[in-house]
Amino acid sequence: MPRKKASPAPRKGFIKTIVEVEGRTETRVVEIPAFEPTPWGPDTALETVGTRAVRVDAGEKVTGQAKYTADIARPGMLHAIILRSWVARGTLVSVDVDAARKIRGVIDVIGPGDAPAKTRLFPRKVTYAGQPIAAVCAESLHAVTAGIRALRAKIETAPFAATFEAATAPDAPLVRSKGNVAEGSPVVNARGNLARGLARADVVIEREYRTPVQLHSAIEPHGAVAEWQGDQLVVWESTQGIFRTREQLAEGLELPQSRVRVIKQYMGGGFGAKNGAGPHTFVAAIFARRTGRPVRCVNSRKAEQSDSGNRPATTQRVTIGAKRNGTLTAISLSADIPLGVGGWEGGPGQLYHELYACPNVRTEETFAYVNASAMQAFRAPGYAEGAFALEGAINALAAKLGMDPLALRRRNYAKTDPRKKRPWSGNALLECYEQAAARFGWDTRDSRRGPAASRAQVRRGFGMAAQIWPTGGGPPAYAHVRINADASIDLLTGTQDLGTGARTILSQVVADAMGARLSDVHTVIGDTGSLPYTGNSWGSMTTPSVAPAARMAAEDARRMLLDAAAPMLGVPLGKLETRNSTVCVRGTDRSMTFAEVTKELGDVMIIGRGTRGPNPLDVSVATFGAQFAEVEVDTRTGVVRVVRIVAAHDAGRILNPTLAESQLEGGIIQGLGYGMFEERVLDPATGLQLNPDLHDYRIPTIADTPVIDAFCVGQADAAANHTGARGLAEPPIIPTAPAIAAAVADAIGAELHEIPLTPWRVLAAAGEV
């Protein structure tokens, strides 16, 4: 449709705004935008946004032209491998490199003392199995593998603590010098009066739930190629944040950021584990500087599974009180979270304060360091763990009340944000309940159990769970739109496409804001050397952060284009509109194509600039959803087959339904793995991981994937930002495991309090009936 001219209202200066990142609240300084585009509300008709546009990089991917980090081959490139500790705790006494250096093709070896102190590489103190202790680089993978095998490292072992219980025992060995319990633990958050809420309850339930350590298991492992071009370091990195990786490299190697360039074009998954520079990045950069040659360092699968981050385990003790009609009076959580040797305090507690309208809520989370690899953000950190316990308890409460689980959730729907005590920018959770239940056939589920269902060997069960996730995005994010002499349009922004389709949706936004054909727009991302800053692609933030900046840049460029076209057409600026890459005089058949305007301009290049403005302070921005699961359980073997999942999610305006549905399906499959199969197993005697590969650490295959009916509801959220879009990447993983667990419980007539739902856990639960 024709785009109306924006109304610039120049402003200058900087202000502070609040941004939520994966449950953490941050205060950031933001540049006040030069103007604020008119919001695209629910009734705004758009030509390209909202359509099922084909991925703009689909051809490159399916033909193999897309270059991932491991595909980068530079002239004279060397290969590097990291030697990792095989003990959980101890002291690295020595590394004998003589034999490795004699291997034909080995070029260099580094170990303790060879890396700049700020990289924190190769410390003498060993705190977990899998910790880097040395590295080798060579002419070929064969030579570097032989070199690693020839290294002789001596580690004096020491007692370790690999579990929360061991780390918090009175005589526990120190994981970190300041103590094993994280500073500030326990973290307590509360509203209302918990004791009073429980006293007013007619029914009180108490449950304990356990969730496992889940590994990211991205198909593309962490990897980097580093090359020094003069005094500038260029790094090709599989990362979710090119600018954060640049910052960390510059700090670790004591370089100005202007001398570090990070490039990321394609990526085979990250899920939160690839948010900055890692040991592989520094190893590649250090070897490249020492040898004067490009160096590639890519994790092996074992290294990837043992030292690239994880979702930490939890033990959650939940108490819920309610009136007989289902109205919640109190929610209590006491949680233990072992973080590994490091990480941030991303626990399950915040979900308990947000999902339901309950006046009295108290959460207490204790974080401890243990001798295992450090946690990293993992798709919906804290919320996926919290949902398994909270939603399991809600389903248990429904059973005790004799109430439909869906009806219980509807009764306790939070009309406003109960944590921040302000309205939602938009909330279609009730529509999610209604539409997903209808498509699932929730009200008629008993008719699908079959005759003599309670006596059958294979029993069918049905369950549901709900979800919330803060997805407002936020600044800073910058974008430039330039119109070339041939009227082709480039969007330049320093974000990343993790495989989600960021290139495509940003191109769609620019096309609509410009009134241009989608085929005329080219999105350039993933290079700190030539693009303006945007933040990490984490916390479902890319779309609601970068899309507004891209739209603003496009409208700025369009304004300048119309300024140029008005005298050419001999009409006032206000009579012009744009559509189909053409400037049209409203109410007439007079027009000029963009190409005709730029031809008249000659070598003048129009460059529009856009920034992401501050977040709204008067509303809360979140994504909501509900999932319904149908399972079959073999009561003799304990094997569960997930038959079907129906999912409805509200994420504001959907910029591309196909890509949104792809995100939903991917999150659901990952949630299926969390609920059914995935669990890191450590040997209690040695602290070593027993399943550091994709054979013994099982993730879902196509054979495990059920029928998935996933769709979006709701409408554009103009209060969230002027594109109306909220984030969607993480929400679909949150309710999947609890929905499946509820369905299994329904089938066997017994609750399940621990995932994954392995056959032995299912049989044990069924045996308790």
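Residues numbered from 1 in each chain as written. Predicted model: local features only at pLDDT ≥ 70, side-chain atom pairs only at ≥ 80, totals over all residues. Heavy atoms only, no water.

Peer 1: Please set out the environment of F271 residue by residue, giving values where relevant.
Peer 2: On the secondary structure map, F271 appears in the loop between β13 (260-263) and α7 (279-291). A sequence separation of 56 residues divides F271 from L215, and the C-alpha atoms of the two residues are 9.8 Å apart. Each residue touching F271, except ones within four places of it in the same chain, is listed here: H216, A218, Q240, A377, F378, R379 and Q670. (Helix = DSSP H or I, 4+ residues; strand = E, 2+ residues; numbered from the N terminus. Contact = heavy atoms within 4.5 Å.)

Peer 1: Let's hear about the environment of P294: which residues, and what values?
Peer 2: Relative to the helices and strands, P294 resides in the loop between α7 and β14 (295-298). Judged by its relative accessible area of 7%, P294 is buried. For P294 and E227, which are 67 residues apart along the polypeptide, the C-alpha to C-alpha distance reads 4.3 Å. P294 has contacts with R74, P75, G76, M77, L78, A226 and E227, leaving out every residue within four places of it along the chain. (Buried < 20%, exposed > 50% of the residue type's maximum accessible area, 1.4 Å probe, protein only.)

Peer 1: So, the pairing of strand β17 (residues 361-368): which residues are in play, and what are the values?
Peer 2: Among the eight residues in β17, six count as buried, and that is most of the element. Inspection of the sheet shows strand β9 (residues 187-191) paired to β17 by five bridges, in the antiparallel sense. Paired with V187 across the bridge in β17 is E365. Direction of pairing for strand β16 (residues 328-338) relative to β17: parallel, over a ladder of eight bridges. By the bridge assignment, I331 is partnered in β17 with V361. (Pairing = 2+ DSSP bridges.)

Peer 1: If you had to explain the sheet that holds strand β30 (residues 707-713) to someone new, which residues and values would you point to?
Peer 2: Reading across from one edge, β20-β28-β29-β30 is the order of the four strands in this open sheet, with mixed pairing throughout. Single-partner strands in this sheet number two, and they are β20 (458-470) and β30. Put simply, the sheet's adjacent strands are angled 15° from each other on average, direction ignored. Against the sheet, helix α16 (residues 657-676) contacts β28 (622-634), β29 (640-650) and β30, and its axis sits at roughly 130° relative to β30. (Axes fitted to C-alpha atoms, helices over the stretch in contact; angles between N-to-C directions.)

Peer 1: Before we move on, can you summarise helix α15 (residues 594-601) with the specific residues and values?
Peer 2: In an α-helix, one turn spans 3.6 residues; hence positions three or four apart end up facing the same way. Along α15, the positions that sit buried rather than exposed are F594, V597 and T598. Across the axial projection of α15, the buried residues extend over an arc of 95°, all falling on one side. Turned more than 90 degrees away from the buried face of α15 sit K599 and E600, all of them exposed. Two residues or fewer past α15, G602 is found with a positive phi of approximately 70°. (Arc of directions from axis to C-beta.)

Peer 1: Before we move on, could you go through the sheet that holds strand β21 (residues 478-483) and cite the residues and values that matter?
Peer 2: Spatially, four strands are ordered β23-β22-β21-β27 in an open sheet, and the strand pairing comes out mixed. Every other strand in the sheet has two partners, leaving β23 (521-524) and β27 (606-611) as the edge strands with one partner each. Averaged over neighbouring strand pairs, the angle between their axes works out to 20° when direction is ignored. In terms of strand pairing, β21 meets β27 through six bridges, oriented antiparallel. The residue of β27 that forms the bridge with I483 is I606. Contacting β21, β22 (489-492) and β23, helix α13 (residues 502-514) runs over the sheet at an angle of about 135° to β23.

Peer 1: Before we move on, could you go through the packing of helix α6 (residues 242-253) against α7 and cite the residues and values that matter?
Peer 2: Following both chains from N to C, one finds α6 and α7 inclined at 55°, their axes separated by 11 Å at the closest point. As summarised for this structure, α6 and α7 are arranged oblique, according to the angle between their axes. α6 and α7 meet at a crossing whose hand is right-handed. Between α6 and α7, the residues in contact are Q248, L249, G252 and L253 and T281, F282, A285, I286 and R289, respectively. Taken together, the residues of the contact of α6 with α7 sort by class into five nonpolar, three polar and one charged. (Parallel < 35°, antiparallel > 145°, perpendicular 65-115°, else oblique. Left-handed = near helix turned anticlockwise from the far one by under 90°. Nonpolar A, V, L, I, M, F, W, Y, C, P; charged D, E, K, R; others polar.)

Peer 1: Give a detailed account of the packing of aromatic side chains, specifying residues and quantitative values.
Peer 2: All told, the structure shown has nine aromatic pairs when counted by the stated rule. Relative to Y266, the ring of Y68 lies with its centre 5.9 Å away and its plane at 50°, an arrangement referred to as tilted. Of the two residues, Y68 sits in the loop between α1 (58-62) and β3 (78-84) while Y266 sits in the loop between β13 and α7, which places them 198 residues apart along the sequence. Judged by its relative accessible area of 24%, Y68 falls in the partly exposed class. By relative accessible area, Y266 is classed as buried at 8%. For the ring pair Y209 and F388, a centre distance of 5.8 Å and an interplane angle of 85° mean the geometry is edge-to-face. Taken together, the residues span a long stretch of sequence, with Y209 in strand β10 (residues 203-211) and F388 in helix α10 (residues 383-401) at a distance of 179 residues. Side by side, Y209 and F388 carry an identical accessibility label, which is buried. Each member of the aromatic cluster is reached from another via a ring pair, and the members are F440, W442, F462 and F628. Lying across the ring of F440, R448 places its NZ or CZ 5.5 Å from the centre. Its end group placed over the ring of Y266, R503 keeps NZ or CZ at 4.6 Å from the ring centre. (Phe/Tyr/Trp six-rings, centres within 6.5 Å; stacked < 30°, edge-to-face > 60°. Lys NZ or Arg CZ within 6 Å of the ring centre and 35° of its normal.)

Peer 1: If you had to explain the domain arrangement of the protein chain to someone new, which residues and values would you point to?
Peer 2: According to the domain assignment, the protein chain consists of domain 1 (11-66 + 473-611), domain 2 (69-159 + 222-298) and domain 3 (310-472 + 618-765). Centre-to-centre separation of domain 1 and domain 2, based on C-alpha positions: 38 Å. With 22 residues of domain 1 in contact, the opposing surface of domain 2 contributes 18 residues. Taking both sides of the interface into account, the surface hidden between domain 1 and domain 2 amounts to around 1,700 Å²; carbon and sulfur atoms contribute 49%. There are one salt bridge connecting domain 1 and domain 2. We note a salt bridge from D527 to R261, for which the minimum N-O separation is 2.6 Å. Counting across the domain 1 and domain 2 interface gives 11 residue pairs in polar contact (both at pLDDT 80 or more). The residue inventory of the side of domain 1 that touches domain 2, partitioned by class, reads seven nonpolar, nine polar and six charged. (Domains from an automatic or database assignment. Buried area = accessible area lost by both parts, 1.4 Å probe. Salt bridge = Lys/Arg side-chain N within 4 Å of Asp/Glu carboxyl O. Polar contact = N/O pair within 3.5 Å; in protein donor to acceptor, adjacent residues only side chain to side chain.)

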